[in-house]
Amino acid sequence: MRISLRGTGDGVRVNFRLEINRRRWIALLTMLGVLTAIGLYSGLWAVVAPESFYNSFPGFGLHWVRADGPYNHHLAGDVGAFFLALAAISGAALYYRDSVIARVSGFGWLVFGVPHAIYHAFHRPETIGGFEFTLELLAVLLIPALGLAILLVAPRERFPVPEPAPFTLRFPRREPPRR
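Analysis parameters
Residues numbered from 1 in each chain as written. Predicted model: local features only at pLDDT ≥ 70, side-chain atom pairs only at ≥ 80, totals over all residues. Heavy atoms only, no water. Pairing = 2+ DSSP bridges. Helix = DSSP H or I, 4+ residues; strand = E, 2+ residues; numbered from the N terminus. Buried < 20%, exposed > 50% of the residue type's maximum accessible area, 1.4 Å probe, protein only. Polar contact = N/O pair within 3.5 Å; in protein donor to acceptor, adjacent residues only side chain to side chain. Contact = heavy atoms within 4.5 Å. Phe/Tyr/Trp six-rings, centres within 6.5 Å; stacked < 30°, edge-to-face > 60°. Core = buried A, V, L, I, M, F, W, Y, C linked by side-chain atoms within 4.5 Å. Expected span 1.5 Å × (residues − 1). Bend = angle between axes of the 7 residues up to and from the residue. Axes fitted to C-alpha atoms, helices over the stretch in contact; angles between N-to-C directions. Parallel < 35°, antiparallel > 145°, perpendicular 65-115°, else oblique. Left-handed = near helix turned anticlockwise from the far one by under 90°. Nonpolar A, V, L, I, M, F, W, Y, C, P; charged D, E, K, R; others polar.

(A) Representation of the pairing of strand β2 (residues 11–17) in the model. Here seven bridges tie strand β1 (residues 2–8) to β2, and the two strands are oriented antiparallel to one another. Looking at β2, one finds that Gly-7 is bridged to Val-12. As consecutive antiparallel partners, β1 and β2 are separated by two residues. One ladder, built from four bridges, connects β2 with strand β5 (residues 167–170); its direction is antiparallel. Among the inter-strand pairings, Val-14 is bridged to a residue of β5, identified as Phe-167.

(B) Representation of the side chain of Ser-90 within the structure. The residue Ser-90 is located in helix α3 (residues 73–96) in this model. Ser-90 sits in the buried class, given a relative accessible area of 0%. Only 2.6 Å separates the side chain of Ser-90 from the side chain of Ser-105, close enough to count as a polar contact. In contact with Ser-90, other than residues within four places in its own chain, are Leu-32, Leu-35, Thr-36, Ser-105 and Trp-109.

(C) Quick look at the packing of aromatic side chains. In total, this model carries 12 aromatic pairs according to the counting rule given. On the basis of an interplanar angle of 85 degrees and a centroid distance of 4.9 Å, the ring pair of Tyr-95 and Tyr-96 is categorised as edge-to-face. In terms of burial, Tyr-95 and Tyr-96 fall into one category: exposed. Centroid distance Trp-109 to Phe-112: 6.4 Å. Interplanar angle 65 degrees. Geometry classified as edge-to-face. In this pair, Trp-109 and Phe-112 are both assigned in helix α4 (residues 99–122), three residues apart and thus about one turn of the helix distant.

(D) Spotlight on the nonpolar core. In terms of nonpolar packing, the biggest core is built from 25 residues, with Leu-28, Leu-32, Trp-109 and Ile-150 touching the most fellow members. Broken down by secondary-structure element, the contributors of at least two residues to this core are α1 (22–48), α3, α4 and α5 (130–153). With eight residues, the top contributor of residues to this core is α1. Once residues lying within four places of it in the same chain are set aside, the contact partners of Ile-150 are Leu-28, Met-31, Leu-32, Leu-35, Ala-102, Arg-103 and Gly-106.

(E) How the structure looks around α5. Taking 1.5 Å of rise per residue, the 24 residues of α5 would be expected to cover 34 Å, and the 33 Å separating its terminal C-alpha atoms lies within 8% of that figure. Of all the bends in α5, the greatest reaches close to 25 degrees and is centred on Leu-142; the proline Pro-144 follows between one and four positions later. Of the positions making up α5, those classed as buried are Glu-132, Phe-133, Glu-136, Val-140, Ile-143, Pro-144, Leu-146, Gly-147 and Ile-150. Here the buried face of α5 lies against α1, β4 (62–63), α3 and α4.

(F) Up close: the side chain of Ser-99. With respect to the element layout, Ser-99 can be found in helix α4. Looking at Ser-99, the relative accessible area reads 0%, which means it is buried. Residue contacts for Ser-99: discarding those within four places in its chain leaves Trp-25, Ala-154, Pro-155, Arg-156, Glu-157 and Arg-158.

(G) Spotlight on the sheet that holds β2. A sheet is described by the order of its strands in space; here three strands give the open sequence β1-β2-β5, paired in antiparallel fashion. The open sheet terminates on both sides in strands that have one partner only, identified here as β1 and β5. Ignoring which end each strand starts from, the neighbouring axes of this sheet average 25 degrees apart.

(H) How the structure looks around the packing of α4 against α5. Here α4 crosses α5 at 150 degrees, and the two axes come no closer than 7 Å. Classified by the interaxial angle, the pair formed by α4 and α5 is roughly antiparallel. Between α4 and α5 lies a crossing whose hand is left-handed. Taken together, the residues of the contact of α4 with α5 break down into 17 nonpolar, five polar and two charged.

So, in structure tokens, the structure goes:
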């Protein structure tokens, strides 16, 4: 716990800052934010424009999906839908700041990410060079790594412990001595 004192004209302002799992909550919310962003980016793109997703994912001049087989509209849309579903769970955990929902989200990303990473590790498309393949593997490994980290980092308490309200200790004014 941190206590800070600040003098005011009529007393001392006292602030308490509880440090109960503060770093864990910061790490958890950051990881949830990253996974929510990944899910929204991939999911919205695949649902709204599945052929563009197939031809251009992940963007930035890279073409990871197109290199791995023929286009399938249904499959691209389904990929987008499950990315959006995982983003929704992660976003809900982030919005409600709930460690139980966060664990469910982390487990979902882990269950999806491990088989996905195994597939990509053992199926290198011929049209992808070594550097691009390394980038792809790192990106694919990020998902289960963050999912596992969420399971390990999520605090035991379900919600962050609220900070106590600051208060002011007021001192009575001293009258100058009378002559």
